[in-house]
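# A look at the structure
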Amino acid sequence: MEDKEENPQNDSVQANGQQSSKKRKKQKEVAIFGNYRNYYSYRIDQGLEEDPRIKVMKKEWFEGKNCLDIGCNSGLITITIAKKFGCEKILGIDIDSARIEDAYWNLRRIVKSSESKKNQKVDKSKDVRTNGITPPDKTGRVEISADSPASHLFDQVSFQKDNFVLGWTIPGDKVLSVSKWIHLNWGDEGLITLFSKVWRLLKPGGIFILEPQPWKSYVSNRQVSEVASTNYKNLKIFPDQFQEILLDKIGFRKIENLSSSLSGSKTGFNRPILALWK
């Protein structure tokens, strides 16, 4: 039998090539709390001017109200509600500090973009203020006045890293939340805590806007973590029971299904949006 001469150099090149190939492969993002980066751009049709869920919400629900967005992610829904519906204050909370940083980055970006668009409409020949914006000087710098409508977003919108289930105690007029990730990470007890705490903290006449993801979505995400997998096996409450629980056990007086299917959403995002009145 003929012995083959080994070539350490070739082995090294092959090993390095395999390592480089592995580095080139994009690792799938793991978000055990649903805290995906760029979640909105992943889920919403990029050709749309705004998230289609906004279209089923009414201005009178938010105008002049104090609102809370649970699981705000990168803050785009939070900011849009503030701009479009004029809430007094809206706070977005998320369990992931990186998403809170993204949210504040988006807030600054949106304010700056709004100021730039308004500034383009300013008559440069007139040395006047328009909407609180001074026309750019010779350096191209734009001054944002405290009277500017867009700058008021900094007063309306804020973000905070927090866990609603484990520690939130501040009352409000409106609360927005999804349910699946709380359910998978804290089980049936966590879900009931969410529902009961929202009801308790809402002022009389307050509205809870809930997006209950369907059971098939639970199935798809049950192995995202060991905790989620264990909780999934022990769940006794299912999404089709939520409405009955919210009305008969928690105490909400009225419920409305705003939309069971939204046009413009990518496959997998269509789900009910429930509005519940205290």
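Residues numbered from 1 in each chain as written. Predicted model: local features only at pLDDT ≥ 70, side-chain atom pairs only at ≥ 80, totals over all residues. Heavy atoms only, no water.

## Observations concerning the side chain of His183
The criterion, for reference: A run of DSSP states H or I qualifies as a helix once it reaches four residues; a run of E qualifies as a strand once it reaches two. Both are numbered from the N-terminal end. Contacts: residue pairs with any heavy atoms within 4.5 Å of one another.
With respect to the element layout, His183 can be found in helix α8 (residues 180-201). Excluding residues that lie within four positions of it along the chain, His183 makes contacts with Asp188, Leu191, Tyr218, Asn231, Leu235, Ile237 and Phe242.

## Things to note about the nonpolar core
What tends to happen in soluble globular proteins is that the nonpolar side chains get buried as a cluster. As a reminder, the rule being used: The criterion is simple. A nonpolar core is a set of buried Ala, Val, Leu, Ile, Met, Phe, Trp, Tyr and Cys residues joined through side-chain atoms within 4.5 Å. Only protein chains enter the accessibility calculation, which uses a 1.4 Å probe; a residue is then buried when its area is under 20% of its type maximum, exposed when over 50%, and partly exposed in between.
Among the nonpolar cores identified, the biggest contains 32 residues, and Phe164, Phe195, Val198, Phe208 and Leu246 are the most heavily contacted of them. Looking at which element gives the most residues to this core, the answer is α8, with eight residues. Setting aside its immediate chain neighbours within four residues, Phe164 contacts Leu68, Ile70, Ile93, Leu194, Lys197, Val198 and Leu201.

## Things to note about helix α10 (residues 226-234)
Of all the residues in α10, the buried ones are Ala228, Ser229, Asn231 and Tyr232. Where α10 is buried, its residues touch α8 and α9 (215-221).

## Points about the sheet that holds strand β1 (residues 66-70)
Just so we agree on the cut-off: Pairing between strands is defined by DSSP: at least two bridges between them are needed. Axes, fitted as lines to C-alpha atoms, cover a helix only where it is in contact. Angles between the N-to-C directions of the axes lie from 0 to 180 degrees.
Pairing in this open sheet of seven strands is mixed, and the strands run β5-β2-β1-β6-β7-β9-β8 from one edge to the other. Here the strands that pair on one side only, and so sit at the sheet edges, are β5 (157-161) and β8 (254-259). When strand polarity is set aside, the average angle formed by the axes of neighbouring strands in this sheet is 20°. Where β1 and strand β6 (residues 172-178) come together, three bridges link them in parallel fashion.

## Regarding the confidence of the model for the chain
For any part of a model where pLDDT is low, the fine detail of the predicted coordinates should not be relied upon. Here is the rule: For every residue, the pLDDT score states the predictor's confidence, bounded by 0 at the bottom and 100 at the top.
Averaged over all residues, the pLDDT of the chain equals 80, while 67% of them reach at least 70. Confidence drops under a pLDDT of 50 for residues 1-9, and excluding neighbours within four residues, the segment shows zero contacts in the predicted structure. Contacts for the low-pLDDT stretch residues 127-147, under 50 throughout, to residues beyond four places or in other chains number 38 contacts.

## Observations regarding the pattern of salt bridges
Note the cut-off: For salt bridges, the criterion is a side-chain nitrogen of Lys or Arg within 4 Å of an Asp or Glu carboxyl oxygen.
All told, the structure shown has four salt bridges when counted by the stated rule. Arg99 is paired through a salt bridge with Asp96; the nearest N and O atoms lie 3.2 Å apart. Assigned by exposure class, Arg99 and Asp96 land together as buried. Judged by relative accessible area, which is 7%, Arg99 ranks as buried. Here the salt bridges do not stand alone but share partners, grouping Asp96, Arg99 and Asp102 into one network.

## Topic: the state of the cysteines
Applicable threshold: Sulfur atoms of two cysteines make up a disulfide when they are within 2.5 Å.
One pass over the structure, following the stated rule, counts zero disulfides. Counting only cysteine sulfurs, Cys67 is the nearest neighbor of Cys87, a cysteine outside any disulfide, at a range of 4.5 Å. Accessibility expressed as a relative area gives 2% for Cys87, which makes it buried.

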